[in-house]
Amino acid sequence: MKKIDLHIHTISTISDVNFNFDLDILETYVKTRSIDAIAITNHNLFDIEQFKKISTRLSFITVFPGIEINIGENCGHMLVISTPTDIEDFSQRCNKVQQKVMQPNDYLTLQEFKNIFGNLHRYLIIPHYYKKTCVDKNIVRELKN
C-alpha cells in the first residue's frame, strides 16, 4: 500500500492562518510516516521555484505540483493536482488563478476555472466536500463529467 498526502501547504497566504514553512520539518514528516508521495497545494498560487527546491530535497518520493483554489460564490476549496512532467504549463495556468484570486473573498467561477485549466482530464481534482470550505454541489455535479 502507498501512503500519500495530497494537501500540503508551504506558503502562508491570505486564505491561511499565518505559519512558517520549514523544509526540514516536511522532510522529517515524510520520512517518519513513510510517505510515498505528496502534493504541494497552496491556496490560489503555485511557486515553481519553491516546488523545484522541495522536489530536489525530497527526491526519494514523488512530489506533485498542485494548487488549492477558491471556487464558486461560497469560496469552496478545490485541489487541482498535476504531474511533475507538466510543471511549466501548470505553473502558467496557476499564475492566472493568482491574478484573479487576490483577496480572501475572491474566487473563480466554474467557467473561469474551465477556461484556465482547459482539459480537466489532465488533472486530479479533489473538491472539499462536507467541510466549512465546501464546494457547491452544482459545481461538483458539473465536474463529474
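Reading the values: the criteria
- Residues numbered from 1 in each chain as written.
- Predicted model: local features only at pLDDT ≥ 70, side-chain atom pairs only at ≥ 80, totals over all residues.
- Heavy atoms only, no water.
- Pairing = 2+ DSSP bridges.
- Helix = DSSP H or I, 4+ residues; strand = E, 2+ residues; numbered from the N terminus.
- Axes fitted to C-alpha atoms, helices over the stretch in contact; angles between N-to-C directions.
- Core = buried A, V, L, I, M, F, W, Y, C linked by side-chain atoms within 4.5 Å.
- Buried < 20%, exposed > 50% of the residue type's maximum accessible area, 1.4 Å probe, protein only.
- Arc of directions from axis to C-beta.

(A) Summary view of the sheet that holds strand β1 (residues 4-8). As summarised here, the arrangement of the 5 strands in space is β1-β2-β3-β4-β5, forming an open sheet in which the pairing is mixed. The open sheet has two free edges, formed respectively by β1 and β5 (124-127), since each of these has just one partner strand. In this sheet, adjacent strand axes meet at a mean angle of 20 degrees when their direction is disregarded. Direction of pairing for strand β3 (residues 62-71) relative to strand β4 (residues 76-81): antiparallel, over a ladder of 6 bridges.

(B) Summary view of the nonpolar core. Judged by nonpolar contacts, the single largest core of 35 residues is most densely connected at Ile38, Phe113 and Phe117. Those elements giving two or more residues to this core turn out to be α1 (23-32), β2 (37-43), α2 (48-57), β3, β4, α3 (87-100), α4 (110-117) and α5 (137-143).

(C) Molecular detail of α4. Along α4, the positions that sit buried rather than exposed are Leu110, Phe113, Ile116 and Phe117. The buried residues of α4 occupy one face: seen down the axis, they fall within an arc of 130 degrees. A positive phi of about 65 degrees marks Gly118, the residue just after α4.

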